[in-house]
Amino acid sequence: MSSTNLSPADFQPLPPSEAVQQISRPSLSYWADAWRRLSENPRAMASLGLITFLLAFVSIGPALWQVDPSAQDLDQIGIGPGADRTVTIAAPFVPWSPQQQSVTPADNNLGLRLAMQANTQAVRLAWTATGSTRHRLYRNVFDPETTGSLGLPLVDRDQPWFEDRLDLQPGTYYYTLVPLSADGVENDGAVTLPVDVIRVISIAQAVDRGLIDANDTVQLGQRLKLAWHPLGTDYLGRDMLARLMYGGQVSLFIGIFAPLAFVLLGVIYGSVSGFLGGATDQTMMRFADFVVALPFLLFMILFKVIFGIGPGESGIWPMLVAMIILLWPAPARLVRGQILQIREEGYVSASRLLGGTTAYVVGRHMLPNTMGVILVTITFQVPSAIFTEAFLSFIGMGVAPPTPSWGAMCNEGIKSMLTRPHELMFPAMLISITVLAFNLLGDGLRDALDARMRGAE
Amino acid sequence: MLKYFAKRLLLGLVTIWFIASATFFGMHAVPGDPLAGDKAMTPQIRANLEAKYGLDQPLGTQYLIYLGNIAQGDFGISYTQENRRVNDIIREHFPISATLGILAIVFAGLGGVLWGALTALYRNQWPDVVIMFAVILGISVPSFVVAAISQWSLVGLNLAAGTTVLPIGGWGSIWHMLVPALVLGLSTMAYLTRLMRSSMLEVVGTDYIRTAKAKGVPPTQIFSRHQLRNAILPVITVLGPAIAGITTGGFVVEIVFAIPGLGRYFVQAIQQLDYTVIMGTTVFYGAFLVFMVILVDLFYGLIDPRVRVDQ
């Protein structure tokens, strides 16, 4: 008691301390915080970079690589990436009469030989008629020794010569000559001749294709370079890189806009239904259940026809409309669930108590609180929309030729998968990469935006 | 419980009626008519054909006839394949699709549960990393590409072996089914694996697992009796929608592997605008899916007593 020494100075208020009130970090809004979490996720950032690259590929790409996606390069049909593109100038084609035969020594018992150097204009074969007078000629792109097949039967021939002009491409062909008996049965003693075919072009054709100027002096045998196709060409000689860029525009347009549109529709429907509740909610949700049960494919056809689009024409808009009309119930259900939950929250009651109107409560409190879920839904719907486009184009119900889309290109590529795998592989790879990127971004967004779902996977 | 399912069943029937009506009026809104083929026909023949197919009746009457026929399970006659009833087409080809689908569901279910449990057991170790990488691939690659690549690999395998190890297409023995069913189930399997993994990880942290551990239950028994059985529940809920996914995915697999299933006929009918086949198949598929979802819900209520379906 006696030790207490209190002076009036002890009862003075303390000087305000700066340190207590100081804000050590800037205040973060919800979105800034979400962005911070997202940018710490390397997988999400990598996928964001990938998506940026893909968008640039389809939007800026065509400006940099100015090749018409529907222009056909008839000299280079179905070539793979990095194929040889030299071409030799040759005399214009004149039909062959056997008097012009040059004598090339043959070392097989039928005397099968090339009468002239083989090129893409024609392969001229001659043989010696001994024993049987009738022969059958086969052609194969693979060696008959290893595959056991002679290939395509070209002709049954009485004369000892033949000029092959059937769809010749540069490369090696294996011609097999089989002697026939009088009644057309194949005899023994078949002879196979491997022939290297070189790509040639006449001067007139070269001028026509813009390889040389009409006034240029070129000699026969001179070599020129054909147009460059970095990723090869498809079965009609169209540039793959240009087609992938234009096709990506269609695929990504549908992939991004369809989810944006039907999620928006679903958000409006779901929030109205969830907010009104009761019998209205029940009726609206039953209707959503019916729409879910509608068969998607059938309505795709209907929309195609209603838009006045025939079987061969492109149906980007009908596809978009069909996806919007048929796919909104899933986000609507999700948002309705969220709204039902939020409706009972304390802050909503508080806002109402303070006189917030319905529109204010929904717009200021309810929708922003479901925004994370909505954004995540959109991101996860993008891959499924891209898959749907690809699937529909694949079965011929979506984007039709000549408009390219990645799905339609896969559909075309699958037909020649064994001989020209690049036609299938490139669009398939781009679809897979896009879907992968949006899936990873969706995972990252979910972790960053939605505290409740965090770490769920 | 019984009342709930009676209600669900009734709602299912209403849904089927909705599908049937939407299909009917949708198909009739399409300009052109099924008889406008490339064959020239006299007005007399045309009138006869219209009378045969009931096309000379007013739309309302046609709709009632159509609903009556569907109620009796009669889907009519194909326009492009003459004298072939849609019912016969479904009866002939649906069992093939169903066999393929069931096999795919079995692959997807078993694979999903197995891989998902493995990833959860070895969380963040190499089996987890490898399997989850495969899962991401399985989700990202379109089914027609998987189908094409697997068929391509089969060709390579058969060439390398010098004999037909596995057929590359067609239908017949169990060997024809293996690869297509695997391809068909692949994306569902990937999805189920993800679901199973997160569900397993959720279960690990629950009180009853801790209690079991505290009681001294051996780890293998905790895994099989407590962890696995509880973690499987969410996997079963998505089986209903998964069946729907597998039916549509079936179209592609049936086309690529040349399997004479209903999906292939459906796509063919679409391309030929064979109205009755499209309508019949659509209503059939719709009804099938509606009942599948109800069945899965019923099953779910049976195995999980916590789910009180009557609420």
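Given the structure is predicted, the values throughout are model-derived calculations rather than measurements.

Calculation rules
Residues numbered from 1 in each chain as written. Chains lettered and ligands numbered in written order. Predicted model: local features only at pLDDT ≥ 70, side-chain atom pairs only at ≥ 80, totals over all residues. Heavy atoms only, no water. Pairing = 2+ DSSP bridges. Helix = DSSP H or I, 4+ residues; strand = E, 2+ residues; numbered from the N terminus. Axes fitted to C-alpha atoms, helices over the stretch in contact; angles between N-to-C directions. Left-handed = near helix turned anticlockwise from the far one by under 90°. Contact = heavy atoms within 4.5 Å. Nonpolar A, V, L, I, M, F, W, Y, C, P; charged D, E, K, R; others polar. Buried area = accessible area lost by both parts, 1.4 Å probe. Salt bridge = Lys/Arg side-chain N within 4 Å of Asp/Glu carboxyl O. Polar contact = N/O pair within 3.5 Å; in protein donor to acceptor, adjacent residues only side chain to side chain. Core = buried A, V, L, I, M, F, W, Y, C linked by side-chain atoms within 4.5 Å. Buried < 20%, exposed > 50% of the residue type's maximum accessible area, 1.4 Å probe, protein only.

S.K.: Can you lay out the sheet that holds strand β5 (residues 152-157) of chain A for me, pointing to particular residues and giving the numbers?
M.R.: All names here are of chain A. In space, the 4 strands of this open sheet follow the order β5-β4-β7-β8, with antiparallel pairing throughout. The open sheet has two edge strands, β5 and β8 (191-197), and neither has a second partner. Averaged over all pairs of adjacent strands, the angle between their axes in this sheet comes to 25°, without regard to strand direction. For strand β7 (residues 171-180) and β8, the ladder comprises 7 bridges, and the chain directions are antiparallel.

S.K.: So what's going on with the packing of helix α14 (residues 406-413) of chain A against helix α15 (residues 422-449) of chain A? Residues and values would help.
M.R.: Residue and element names in this part refer to chain A. Taken N-terminus to C-terminus, the directions of α14 and α15 make an angle of 145°; their axes are 8 Å apart at the nearest point. Crossing geometry of α14 relative to α15 is assigned as left-handed. Along the contact surface, α14 presents Trp406, Gly407, Met409, Cys410, Glu412 and Gly413, while α15 presents Glu423, Leu424, Pro427, Ala428, Leu430, Ile431 and Thr434. When grouped by side-chain class, the residues that make up the contact of α14 with α15 number 8 nonpolar, 3 polar and 2 charged.

S.K.: I'd like a description of the interface of chain A and chain B, backed by residues and values.
M.R.: With 38 residues of chain A at the contact, the number on the chain B side is 38 residues. Taken together, both faces of the contact between chain A and chain B bury some 3,200 Å²; the carbon and sulfur share is 82%. The interface formed by chain A and chain B includes 1 salt bridge. Arg194(B) is the salt-bridge partner of Asp443(A), the closest N and O atoms lying 3.3 Å from each other. At the surface where chain A touches chain B, the tally comes to 1 residue pair in polar contact (both at pLDDT 80 or more). Per-element tally for the side of chain A that touches chain B: the top contributor is α15(A), with 10 residues. Broken down by class, the residue content of the side of chain A that touches chain B amounts to 32 nonpolar, 2 polar and 4 charged.

S.K.: Summarise the nonpolar core; cite the residues concerned and give the values.
M.R.: Among the nonpolar cores identified, the biggest contains 100 residues, and Leu244(A), Trp406(A), Ile431(A), Tyr66(B), Phe144(B) and Phe257(B) are the most heavily contacted of them. One finds Met285(A), Ala288(A), Trp328(A) and Val335(A) within the second-largest nonpolar core, a separate group that totals 20 residues.

Note that all results are geometric; they support no functional claim without further evidence.
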